[in-house]
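# Topology and contacts: notes
The primary structure of each chain is shown beneath.
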Amino acid sequence: MDFDIYSISEIGLNKLLDRDTVKELFGAIGNIVRVELSLFDTSKKKYSEIRLPAQNICRTNDKVFKEVCEKTRKGLLNNLPSVGMKRVDCETGFSYLLSPLDYETDVVGYLILGPYISAENRERTEQSVRKFIDSEDEIRSSLNGFRIMSNQEASQLMKDIKQLLTAFLYSSYKMYLTSKMHLEAEKENYAEIEILNNRLNEMLNEVESVSKYKTAFIKTITHELRTPLTSIIGFSEMLGKECSDNSEVREYASTINQKGTELLRIINDILILSSIESGTIEVKKENRDIVEDLKNIINSYYNAIEKKALRVSFTPYVENSLYQYDEEKLKTVISKLLDNSIKFTSEGGSVAVFLSEKTISPEMSAERFGITPKKYIAITIEDTGCGIDEDKIHMVFEPFYQAVSNMDTREKGGMGLGLKIAKGYAEAMGGELKIESQVGIGTKVTLLLPV
Amino acid sequence: MQFNIAQKEVTLKIVYYGPALSGKTTNLQAIHQMIRQEGRGRLMTLDTRDDRTLFFDLLPVFFSTSSGIKVKLKLFTVPGQVIHNSTRKLVLAGADAVAFIADSQISLNDANNESWNNLMDNMKANGLNPDEIPVVIQFNKRDLPNIKSDAEIDMIARKGREPVFKAVAIKGFGVIETLFGLLSLTHRYLCERHNFETKFKISQTEFLENIYKHIDLSLVGKLDIKPKA
């Protein structure tokens, strides 16, 4: 192959190096931080003194160099993996190699050119080669591995290469800077994210501790209030019994007892509400007869039902009434719902309780991933009460909210916590509470509990 | 898609979406382990105290085309927890494609639906058309008990336009298939939308092969990524 040595600077890097090498170098982020260039005039020095730029084959002894001379044409450099050489093209007279290393440790690239023989000293070189090599053929073939240039040509070449090197270094350096900038930007992003992350965690901790403090505060206060209340309720009851002959005292004692019980219920509600909000509700499931339990809850309202002459019915549509659930929580939910129904249904009205089993099937869902068929126990309480406005129905689960006007509320009593508590407990049990209502017709509340 | 003319660099944003703990980060970790170093950058992941992604993870994957253009894929994950919606919305902005990582466990059906609906809402909020943007669905955790059957997954696949893949991301199964499924959709989408192939001279084969050649397929099934607690 004929290689015009003077045209290197015109050829440009892309043609000097093959595409794969360039791609390899530039493709992998390519932070080239060092480019080494060497040009040797092998004729000026003795063979044994010539240094090759690659680390492992610096001058050692004549024998080694003889080997190098012999093998250079066959691509010796290519066979030295420790040097990390990628390509040696002896045919062109130039061995260049590029070894982009792992970019994470910063790429180091070498561009090595050489060696050549000075035309003026050709004969001297030949003589010196003869000392090592006997066969004329071999001498000729090893010398053919070198370019022969006049000193003028060599200095021109040096100039060209310097130019090329500058361009090469410049573009490499620019690339290096750009990728470094990217790296810095990524690092900055990373640091920023970390700061944000820490701040978020701190905020979360703060909010958690405030919320814990609030819950602890409410728990302590309500507990402290409950203890004296127990005495008030207990002693007022005793007082009523002791003074059964004095009707005035008995009435006062009964009022104290009644109001005390009411206050205790409110305090209990606040206590439940705070544990719902802090998410600290524990569900204890046990095997129970749900029909029996519901009957007992309804029966406990006997007095209130009698007083308002309500028609109350209970219809269980289940074959087997044994289920696993938290009896205390179910009782609280159903009581809150019955409280409301009885409270807001006028005299002579009716309250109906239904118990059934429901399966919600996948066909009923338009969801992308379909739904898992689930079995529920459904307890429905339907009343013929005053009903709730359509625009107010979404508010009924808010704490301290009452759908009816203030005047009515005062008359009916309550703090507006019932439905909030019922919903909180229903969800804690893995179920849900649904409400439908029409003003003047009544309200239907359904508790769905997973089986 | 971002195109930097000075640097001849195209950047595509791919978002891994899905419910909490479905394996989005695991997918990225598996890709990170299977793509050889020269084809990818560092996996940036910020785990929080309970091992969940609070902000996002980012894995850059890159290659240069024969026409000299550097293509950079930025793979993002979003935090799955319901409360982190603002972060999810932010990460989804400007996305070119979405891989939805669903949990195969029957009990997590609702979580999948909720996250899917959230994805649709957030796409709309970011001005992305859910009917056009490339989306694939991956059913992860196929190695667990109590999972959706293959027939059920087929039924779900028929329900929409998104290609569906099955995976065990902690072992590396199905992860590359999902990524390649999404990338081929993305290439087609970019061609229709931005005339990608004509403009940048990157054919679909070149687009995929450039990434494929960096992948060590011998690692499929041999990975052992620790799932989050």
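Bear in mind the structure is a predicted one, so any value in this text is a computation, not a measurement.

Membership of the largest hydrophobic core comes to 42 residues, with the highest contact counts inside it found for I290(A), I334(A), L338(A), I379(A), L433(A) and L447(A). With six residues, the single largest contributor to this core is helix α11 (residues 327-344) of chain A. Per-domain counts for this core show at least three residues from each of domain 2 (193-277) and domain 3 (286-450) of chain A. Aside from chain neighbours lying at most four places away, what touches I334(A) is L294(A), I297(A), I379(A), I381(A) and L447(A). If you look at the next biggest cluster of nonpolar residues, it comprises 41 residues, including I69(B), A99(B), F165(B) and L223(B).

To continue, consider helix α2 (residues 85-92) of chain B. Residue and element names in this part refer to chain B. Those residues of α2 not exposed but buried are T87, R88, V91 and L92. Along the axis of α2, the buried residues cluster in a sector spanning 130°; they form a single face. Facing away from the buried side of α2, by more than 90 degrees, are the exposed residues S86 and L90. Structurally, α2 contributes buried residues whose contacts are with β2 (9-17), β4 (70-77), β5 (97-103) and α3 (109-125). At the exit of α2 stands G94, carrying a positive phi of roughly 70°.

Overall, the coordinates contain nine aromatic pairs over all chains when judged by the stated rule. For the pair F369(A) and F100(B), a centre-to-centre distance of 5.3 Å together with 25° between the ring planes defines the contact as stacked. With one member in each of two chains, F369(A) in the loop between β6 (350-360) and β7 (374-383) and F100(B) in strand β5 form a pair that bridges those chains. For the residue pair F369(A) and F100(B), the accessibility class agrees, reading buried in each case. Taking 5.6 Å as the distance between ring centres and 85° as the angle between the ring planes, the aromatic pair formed by F180(B) and Y212(B) counts as edge-to-face. Placement of F180(B) in helix α5 (residues 175-194) and of Y212(B) in helix α7 (residues 204-212) is noted, with a sequence separation of 32 residues between them. A residue is classified by how much of its surface remains accessible, and Y212(B), at 42% relative accessible area, is partly exposed. Counting every residue linked through ring pairs, the aromatic cluster contains F369(A), F100(B), W116(B) and F139(B). The positively charged end of K329(A) is found above the aromatic ring belonging to Y425(A), 5.3 Å away from the centroid. Stacked on the ring of W116(B), the Lys or Arg R368(A) has its end atom at 5.5 Å from the ring centre.

Turning our attention to the pairing of strand β9 (residues 442-450) of chain A. Residues and elements named next belong to chain A. Within β9, seven of the nine residues are buried, leaving the element largely enclosed by the surrounding structure. Sheet topology note: the strand β8 (residues 432-438)/β9 ladder contains seven bridges and is antiparallel. Counted as the bridge partner of E436 is K444 from β9. Two successive antiparallel strands, β8 and β9, enclose a turn made up of three residues, where G440 displays a positive phi of approximately 85°.

Our next topic: the sheet that holds strand β4 (residues 311-316) of chain A. All names here are of chain A. Taken together, five strands build an open sheet; the order of strands is β4-β6-β7-β9-β8 and the sheet is mixed. Pairing within the sheet leaves two strands with one partner each, and these edge strands are β4 and β8. Pairs of neighbouring strands in the sheet enclose a mean axial angle of 20°, with direction left out of account. Contacting β4, β6 and β7, helix α9 (residues 290-299) crosses the sheet at an angle of about 175° to β4.

How each quantity is defined
- Residues numbered from 1 in each chain as written.
- Chains lettered and ligands numbered in written order.
- Predicted model: local features only at pLDDT ≥ 70, side-chain atom pairs only at ≥ 80, totals over all residues.
- Heavy atoms only, no water.
- Core = buried A, V, L, I, M, F, W, Y, C linked by side-chain atoms within 4.5 Å.
- Buried < 20%, exposed > 50% of the residue type's maximum accessible area, 1.4 Å probe, protein only.
- Helix = DSSP H or I, 4+ residues; strand = E, 2+ residues; numbered from the N terminus.
- Domains from an automatic or database assignment.
- Contact = heavy atoms within 4.5 Å.
- Arc of directions from axis to C-beta.
- Phe/Tyr/Trp six-rings, centres within 6.5 Å; stacked < 30°, edge-to-face > 60°.
- Lys NZ or Arg CZ within 6 Å of the ring centre and 35° of its normal.
- Pairing = 2+ DSSP bridges.
- Axes fitted to C-alpha atoms, helices over the stretch in contact; angles between N-to-C directions.

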